[in-house]
Amino acid sequence: MKFGGTSVADAAAFENVARIVAAQRNASPVVVVSAMSGVTDSLLAATTIASLEGTFRRHEAAARELLTHAKAEEFVEHVNNAAQRIAQLLEALSAEPTRKATQDSIVAFGETLSSALLAEVLNERGVAARQVDARRCIITNDDYTCAAPLMAETFSHSQQELRPFLETGVVPVLGGFIGATLSGATTTLGRGGSDYTAAIIGAALSASEIQIWTDVTGVLTADPRVVPEAQTIERLSYSEAAELAYFGAKVLHPKTIQPAIESSIPVRICNSRAPEERGTLVGPETETSPRTVKAIAHKSGVTTVQITSARMLGAYGFLRALFEVFEKHRTVVDVVTTSEVSVSLSLDDAERLPEIVQELEVLGTVRVEKGRAIVCVVGEGLRGTPGIAGKVFSTISDINVSLISQGASSINFTFAVEEARVNEAVRRLHEEFFSH
Ligand code: ADP
Ligand code: ASP
Ligand code: MG
């Protein structure tokens, strides 16, 4: 059971989580929790300890409201120790090359504190629980701020740490998002990574279900911030959910689905404010029909790059040379389309763009467009349903579209538009595909 930041935003939210966990205690749950909402942002933005005063007071206020006096004082002591340690780390923050490692050690306190508090709240509500340091379970490489778990080590450590609790009826409570290298240095899995922690732990323990508890009732047919009338999707296939998460549906971290698929564990997305609703169930394809268009995802802040070169014609090795540039600069390429003389692609992270462009110019003429957005129509129903492209383009015929691609899985239809018009495009497509 993973609870996101809004599910532990304040004392009332913690109380609610305790009720949801208590209701499932007979199923031997493991709880994974995010930092209180906004805390990760504050820790990342902090340059002085004074700027975190409000963050620490929020934790203390929640503890005093939730816990008996003695336990609350114990937790306040815990917060004070964290503050002291964070102050030291902030002083070390300016030192390269350890900056990212220091950043991870600072930001990990968000989840350390929320998990300590939640474990205490559960205990006081009569659910035997124990905080487990996620760094003893999630073992990663040293790619600080976006570390990759070493799965074999993570599985064996997680089993060793967590099984004894489950066997004695104690609910383990872990902070999501954080891990450690084999030598014990704190790492994080990337923003929104608590979902991923939950999926990894679920897979390691062969859980019967991985539950993602958030502030909306499941995965919706579009981002509710753009399309307020978006509806809950009852069932999604693993591939549909993976495509949606990858192309911008923030409700699931893009890597969440992989560990679940490998262990065939269903993933349920539920609303911690409406626990009686069934939310969305993600599982194998055969169980997730009907085959229709299920949702529209989008993400902004995308950069597209086009490389045009006559040298591509009939040449081998050209694409390898091109992609090697991105590999060298450790930049992930999302959508790719090619013609005989050009390659277009999209990037989320344009931090290394100047260096990349410089090297690509050796291969051909390079055109960069910033401020683009990707729109992605997803559904098993796209397989073999004619006319989807026509329907999309006639619906938004006055909006310029580029990078059109039907993903290799053929369950997504993806294209890029100008960022300023993406909300309008998504609203019109949602109306076209879902209002009938
Ligand atoms: P948590 O803190 O619980 O991890 P997130 O903020 O990361 O929650 O994710 C939930 C949010 O994702 C929702 O509040 C919603 O605004 C956003 N979202 C974007 N696209 C979708 C979608 N297709 N379905 C549901 N939520 C979406
Ligand atoms: N607290 C982390 C973040 O805000 C991880 C998470 O909530 O999933 O990115
Ligand atoms: Mg999230």
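The rules behind these values
Along each chain, numbering runs from 1 in the same order as the chain's sequence is written. Written order decides the labels, with chains lettered from A and ligands numbered from 1. Note on the predicted model: pLDDT of at least 70 is required for a residue's local features to be given, and 80 or more for side-chain atom pairs to be given and counted; whole-chain, interface and lining totals, by contrast, use all residues. Heavy atoms from the whole structure form the basis of all side-chain values; hydrogens and water molecules are not counted. Runs of H or I in DSSP of at least four residues are treated as helices and runs of E of at least two as strands, each being numbered from the N terminus. Our radius of gyration looks at C-alpha atoms and nothing else; its globule reference is 2.2 Å times the residue count to the power 0.38. Each residue is placed in one exposure class: buried if its accessible area under a 1.4 Å probe, protein chains only, is under 20% of its type's maximum, exposed if it is over 50%, and partly exposed if it falls in between. Should any heavy atoms of two residues lie within 4.5 Å, those residues are considered in contact. With residues, only the protein chains shown are counted as cover, and all accessible areas are computed by Shrake-Rupley using a 1.4 Å probe. All tallies of charge rest on Lys and Arg as positive and Asp and Glu as negative; His and the ends of each chain are not included. Where a charge sits is defined by one atom per residue type, namely NZ (Lys), CZ (Arg), CG (Asp) or CD (Glu). We define proximity as follows: a residue is near a molecule or strand when any one of its heavy atoms falls within 4 Å of that partner. Polar contacts, as used here, are pairs of N or O atoms within 3.5 Å; protein pairs need one atom able to donate a hydrogen and one able to accept it. Residues neighboring in sequence count only if both atoms are side-chain atoms. For this scheme, ten residues count as nonpolar: Ala, Val, Leu, Ile, Met, Phe, Trp, Tyr, Cys and Pro. Four count as charged, namely Asp, Glu, Lys and Arg, and the remainder, Gly too, count as polar. Strand pairing requires that DSSP identify at least two bridges connecting the strands. For helices, the axis comes from a line fit to the C-alpha atoms of the stretch in contact; other axes are also lines fit to C-alpha atoms, and the angle between any two N-to-C directions lies between 0 and 180 degrees. Roughly parallel means an angle under 35 degrees; roughly antiparallel, over 145; roughly perpendicular, 65 to 115; everything else is oblique. Each crossing is labelled by how the near helix is turned from the far one, with a counterclockwise turn of less than a right angle marking it left-handed and a clockwise turn marking it right-handed. The definitions used throughout rest on a 1 Å grid laid over the protein atoms alone, on which a cavity is an enclosed set of points accommodating a 1.4 Å probe that cannot get out and a pocket is an open set flanked by protein within 12 Å on both sides along at least five of seven lines; lining residues are those having an atom within 4 Å of a point. Grid points are joined across faces, edges and corners, and a volume is the space filled by probe spheres set on the points.

Draft legend 1. Representation of the overall build of the protein chain. On a plain count of helices and strands, the protein chain comes out with 13 helices and 17 strands. Its C-alpha radius of gyration of 23 Å places the protein chain within 12% of the 22 Å reference for a compact globule of 436 residues. Projected onto its principal axes, the C-alpha positions of the protein chain cover 70 × 55 × 40 Å. Here the protein chain, with 436 residues, has 52% of them falling under the buried criterion. Sequence-distant contacts in the protein chain: of pairs separated by 6 or more residues, those separated by 24 or more amount to 74%. Split by element, the accessible area of the protein chain, about 19300 Å² in all, is 50% carbon and sulfur. When the 39 basic and 52 acidic side-chain charges of the protein chain are each reduced to a single mean position, those positions are 1 Å apart.

Draft legend 2. Spotlight on the site of ligand 1. Taken together, 16 residues lie near ligand 1, and K2, T214, D215, L220 and K250 sit nearest. A distance of 3.2 Å separates an oxygen atom of ligand 1 from a polar atom in the backbone of G5. T214 has a polar side-chain atom sitting 2.7 Å from an oxygen atom of ligand 1. About the coverage of ligand 1: the protein hides 88% of its 570 Å² of free accessible area. Of the residues contributing to the shell around ligand 1, the split by class is seven nonpolar, four polar and five charged.

Draft legend 3. Main features of the site of ligand 2. Taken together, the neighbourhood of ligand 2 is formed by S34, T40, E111, F177, R191, G192, G193 and S194. Here an oxygen atom of ligand 2 sits 2.8 Å away from a polar atom, N or O, in the main chain of G192. Separating an oxygen atom of ligand 2 from a backbone N or O atom of S194 is a distance of 3.0 Å. Out of a free accessible area of 260 Å², ligand 2 has 86% covered by protein chains.

Draft legend 4. Looking closely at the pairing of strand β14 (residues 342-347). Taking burial as the measure, the six residues of β14 include six buried ones, the bulk of the element. Of the two faces of β14, the one carrying S342, S344 and S346 and the one carrying V343, L345 and L347 are both buried. Here strand β13 (residues 333-338) runs beside β14; their pairing, made up of four bridges, is antiparallel. Paired with T337 across the two strands is S344, which belongs to β14.

Draft legend 5. View of the packing of helix α12 (residues 388-395) against helix α13 (residues 422-434). In contact at an axis separation of 9 Å, α12 and α13 are set at 130° when each is read in the N-to-C sense. By the angle between their directions, the pair α12 and α13 is classed as oblique. Relative to α13, the crossing made by α12 is right-handed. Between α12, through I388, K391, V392 and T395, and α13, the contact on the second element is made entirely by R428, L429, E432 and F433. Across the contact of α12 with α13, the residue classes tally to four nonpolar, one polar and three charged.

Draft legend 6. Looking closely at the layout of surface pockets. If you add up the space inside the second largest pocket, you get close to 370 Å³. In this structure, the second largest pocket is lined by 19 residues; those nearest its centre are S28, P29, V30, A207 and E209. Tallying contributions element by element places helix α7 (residues 194-204) first for the lining of the second largest pocket, with three residues.

Draft legend 7. Highlighting empty space enclosed by the protein. Going through the model one piece at a time under the given rule, you end up with one cavity of 30 Å³ or more. Its boundaries defined by the atoms lining it, the largest cavity holds a volume of some 30 Å³. V39, L43, T55, F56, H59, I86, F109, G110 and L113 are the residues that line the largest cavity. Classifying every residue of the lining of the largest cavity gives six nonpolar, three polar and no charged.

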